[in-house]
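Topology and contacts: notes
Chain by chain, the residues run as shown.
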Amino acid sequence: MLGSNLLVRDGGIPGVVIRLSAKGFGDVELVSETRVKAGTICPDKNLAAMTLDHGIGGFAFYYGIPGTIGGALRMNAGANGGETRERVVEVHAVDRQGNTHVLSNADMGYSYRHSSAPKDIIFTHAVFEGYPEDKAKIRADMDAVRQHHETVQPIHEKTGGSTFKNPEGHSAWKLIDEAGCRGMMIGGAQMSPMHCNFMINTGQASGYELEYLGETVRQRVFETSGISLEWEIKRIGTFMPGYEVKEFLGELTA
Ligand SMILES: Cc1cc2nc3c(=O)[nH]c(=O)nc-3n(C[C@H](O)[C@H](O)[C@H](O)COP(=O)(O)OP(=O)(O)OC[C@H]3O[C@@H](n4cnc5c(N)ncnc54)[C@H](O)[C@@H]3O)c2cc1C
């Protein structure tokens, strides 16, 4: 976990945060001609680079995602036409009692930016399957992915990537734009003028401001389109007393 898809509330987390060490969980290694095994703290980009070295196709999309394999497995991370679920063979995990588990691709219960794997297990490593591909083609795909992300996303800002999932048949950014929320600010939190489904912290935004902005956008989008956006960013932790954000402001005023 790198926190690239997380919003931690201002009251913090009433518990222990486990971050795996790169020493035991950061490697990516070749298992066969088209299979690789990666530890879950391995950055997605390292997996993409390694598969390029070995002429294994199917992983170029990871080159544009600034998270780790653990986050990718949990979020079914994807970009540029590729998704984690297309590549996963099996996922190894450990539960709170220290029991180990091996989950098949089906066990991961993947759907768009979601896995229904038990929430209380920690993924330790996973095996992925690609296919033989010309290195020049893989490199070109990776360059295209990088260029796409640099051109359309505010990747140099403090952001958690896409704030909301694309509703079936719609683009979240279009709905946000049509609701007049591009560039909208609450305190130091802003819907990026460059990509209005990206929420950015312009400096000192609190978790409260970021989440309040997100819920305000959901309300405006609901009012203009009737569509209820679903958060893609995971919000965790507790609110600061007096700074609670009510879920979906639209429902309060309906
Ligand atoms: C600039 C930018 C661009 C982005 N572009 C994309 C994109 O194109 N496509 C896309 O899909 N995402 C994108 N994201 C979002 C994010 O990078 C991905 O969701 C990524 O997969 C999250 O990985 P992470 O390691 O940072 O996970 P975190 O944000 O740390 O965690 C995400 C979730 O995964 C869980 N998790 C993490 N590791 C483990 C583990 N080992 N075991 C069990 N659960 C675990 C966490 O508990 C949490 O629930 C972008 C983000 C940014 C900032």
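On a predicted model such as this, the values are computed, not experimentally measured, just so you know. (Residues numbered from 1 in each chain as written. Predicted model: local features only at pLDDT ≥ 70, side-chain atom pairs only at ≥ 80, totals over all residues. Heavy atoms only, no water.)

Attention now goes to the domain arrangement of the chain. Domain parsing of the chain yields domain 1 (6-151) and domain 2 (154-253). Spacing between the C-alpha centres of domain 1 and domain 2 amounts to 26 Å. A combined buried area of about 1800 Å² lies between domain 1 and domain 2, and 60% of that area is made up of carbon and sulfur atoms. The three residues of domain 1 that bury the most area against domain 2 are L7, R9 and D10, which together make up 43% of that side's buried surface. Where domain 1 meets domain 2, there are 2 salt bridges. Salt-bridge contacts for R113 lead to E232; the nearest nitrogen and oxygen are separated by 3.8 Å. Summed over the shared surface of domain 1 and domain 2, the number is 10 residue pairs in polar contact (both at pLDDT 80 or more). Put simply, the parts of the chain that give the side of domain 1 that touches domain 2 at least two residues each are β1 (6-8), α3 (69-75) and α4 (135-152). Tallied by class, the residues present in the side of domain 1 that touches domain 2 amount to 7 nonpolar, 5 polar and 5 charged. (Domains from an automatic or database assignment. Buried area = accessible area lost by both parts, 1.4 Å probe. Salt bridge = Lys/Arg side-chain N within 4 Å of Asp/Glu carboxyl O. Polar contact = N/O pair within 3.5 Å; in protein donor to acceptor, adjacent residues only side chain to side chain. Helix = DSSP H or I, 4+ residues; strand = E, 2+ residues; numbered from the N terminus. Nonpolar A, V, L, I, M, F, W, Y, C, P; charged D, E, K, R; others polar.)

Moving on, we get to the layout of surface pockets. Taken as a whole, the second largest pocket encloses approximately 190 Å³ of empty space. Residue lining of the second largest pocket: 15 residues in total, with G58, A60, F61, Y131 and D141 positioned closest to the centre. Broken down by class, the residue content of the lining of the second largest pocket amounts to 6 nonpolar, 4 polar and 5 charged. (1 Å grid on protein atoms, 1.4 Å probe; cavity = no way out; pocket = protein on both sides within 12 Å on 5 of 7 lines; lining within 4 Å. Points joined across faces, edges and corners; volume = space filled by probe spheres on them.)

The immediate surroundings of the ligand are formed by 30 residues, with G3, S4, N5, T68 and G78 found nearest. A distance of 2.7 Å separates an oxygen atom of the ligand from a polar atom in the backbone of G3. Within the backbone of G78, one N or O atom sits 2.6 Å away from a nitrogen atom of the ligand. Those elements giving two or more residues to the shell around the ligand turn out to be α3, β5 (78-79), β11 (122-129) and β13 (158-162). Residue composition of the shell around the ligand, by class: 13 nonpolar, 14 polar and 3 charged. Two domains share the shell around the ligand, each providing at least three of its residues, namely domain 1 (6-151) and domain 2 (154-253). (Near = heavy atom within 4 Å.)

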